[in-house]
Amino acid sequence: MSKKTDSNLYTLLFATGMVIIVGAILAFFASALKPTIDENKRIEKQQNILYAMGVNENDETSAIFVSKDKVAAEFSKYIKKQLVIQGAKVSEDANAYLIDLKKEQTLAKEGNVRRLPLFIGEKGGKTFYIAPIRGKGLWDAVWGYVAMDANMIVQGAYFDHKGETAGLGANIKQRYFMDDFIGEHLLKDGSFKGIAISKSNNDPKNEDKTDNEVDAIAGATITGDGVSAMIKSELKKYVAYFNTLKTN
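In this report, the structure presented in the accompanying data block is examined. If you're wondering where the values come from, they're calculated on a predicted model, not measured in any experiment.

1. A word on the sheet that holds strand β4 (residues 126-136)
- Spatially, β2-β1-β3-β4-β5-β6 is the arrangement adopted by the 6 strands of the open sheet, whose pairing is antiparallel. Because the sheet does not close on itself, it has two edges, and the strands there are β2 (89-92) and β6 (154-161). For this sheet the average axis-to-axis angle between neighbouring strands, irrespective of direction, equals 25 degrees.
- Sitting on the sheet, helix α2 (residues 68-78) is in contact with β1 (79-86) and β3 (116-123), with an inclination near 75 degrees to β1.
- Relative to the sheet, helix α6 (residues 239-247) contacts β1, β2, β3, β4 and β5 (141-148), its axis offset from that of β4 by approximately 165 degrees.

Set out below in structure tokens:
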């Protein structure tokens, strides 16, 4: 005579019970940790924005953020306005930095008018316009923050990724790559062109800032193409706003 524990029904009920218990445990921890996760995301976004405009703790070669204990005060000090551009409408929003770009891109694909965050910072007598951007690398999402002046000349940049190859595409967040963008022009003869990450770039020392190119990372062609496409598609959306700056 077989035991009850040997029956298919018992196995099914046991598996169902385990799924419910494990699911409940995971849901509890997700709920309990949500405030901490949200706070870390807030800090990270503020650090990224500040980094792009040159407020950081870099040493000679490494990219180092403003420390967590200072970032809120530094953000308030240097970021003077947070704007949301939605079509022809421009409004101020103190929480614009929390806008989820992935969700906004999805809404735009569904035919909605996307919200574009833009942060206006001031440092050393200069005004910076910092835009968040998001795209696709080789394996997953890539994103960044690009600081510009009123003429859409890059003043600083920060890039990051979710799953690019270590030592190759992952190097988009290395300082030697990000620093190459400083001084690069996004416009060409008055029209938006973007910046290409180019293997055929004939300017390895990055002395020509008007060629709309920076040197590619060896072995990371697809990631570089993703960053190029991201810069072109995302920053082009801000051209109308920068045109208003010239008008005003």
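2. Some words on a positive patch on the surface
- Residues Lys 188, Lys 193, Lys 232 and Lys 236 make up a contiguous surface patch of positive charge.
- By the element assignment, Lys 236 lies in the loop between α5 (221-235) and α6.

3. Comments concerning the pairing of β3
- Among the 8 residues in β3, 6 count as buried, and that is most of the element.
- Examined bridge by bridge, β1 and β3 share 6 bridges and lie antiparallel to one another. Pairing of Ile 79 across the sheet is with Gly 121, part of β3.
- Judged from the 5 bridges that link them, β3 and β4 form a sheet pairing that is antiparallel. Note that in β4 the partner of Lys 123 across the bridge is Lys 126.
- Here β3 folds back onto β4 in antiparallel fashion, the turn holding 2 residues, of which Gly 124 has a positive phi close to 60 degrees.

4. What about the pattern of salt bridges?
- The full count for this structure, using the stated rule, is 7 salt bridges.
- Notably, a salt bridge pairs Arg 114 with Glu 234, separated by 2.7 Å at the nearest N-O pair. In this pair, Arg 114 sits in the loop between α3 (101-109) and β3 while Glu 234 sits in helix α5, placing the two residues 120 residues apart along the sequence.
- A relative accessible area of 10% places Arg 114 in the buried class.
- Of the residues examined, Glu 234 reaches a relative accessible area of 4% and is grouped as buried.
- A salt bridge links Glu 234 to Lys 237; the nearest nitrogen and oxygen atoms lie 3.9 Å apart.
- A relative accessible area of 38% places Lys 237 in the partly exposed class.
- What emerges from the salt-bridge pattern is a single network uniting Arg 114, Glu 234 and Lys 237.

5. What about the packing of aromatic side chains?
- All chains considered together, the criterion is met by 10 aromatic pairs.
- Measuring from centroid to centroid gives 5.4 Å for Tyr 51 and Tyr 158, while their planes differ by 65 degrees, and the two rings are edge-to-face. Of this pair, Tyr 51 sits in helix α1 (residues 8-52) while Tyr 158 sits in strand β6, placing them 107 residues apart in sequence. Each member of the pair, Tyr 51 together with Tyr 158, is buried.
- Ring geometry for Tyr 241 versus Phe 242: centroids 5.9 Å apart, planes at 85 degrees, classification edge-to-face. Phe 242 matches Tyr 241 in its accessibility class, with the two residues each being buried.

Each value, and the rule that gives it
Residues numbered from 1 in each chain as written. Predicted model: local features only at pLDDT ≥ 70, side-chain atom pairs only at ≥ 80, totals over all residues. Heavy atoms only, no water. Pairing = 2+ DSSP bridges. Helix = DSSP H or I, 4+ residues; strand = E, 2+ residues; numbered from the N terminus. Axes fitted to C-alpha atoms, helices over the stretch in contact; angles between N-to-C directions. Contact = heavy atoms within 4.5 Å. Patch = residues over 30% accessible without salt bridge, like charges linked within 9 Å, V, L, I, M, F, W, Y side chains within 5 Å. Areas by Shrake-Rupley, 256 points an atom, 1.4 Å probe, with all protein chains shown as cover. Salt bridge = Lys/Arg side-chain N within 4 Å of Asp/Glu carboxyl O. Lys, Arg positive; Asp, Glu negative; His and termini not counted. Charge placed at Lys NZ, Arg CZ, Asp CG, Glu CD. Buried < 20%, exposed > 50% of the residue type's maximum accessible area, 1.4 Å probe, protein only. Phe/Tyr/Trp six-rings, centres within 6.5 Å; stacked < 30°, edge-to-face > 60°.

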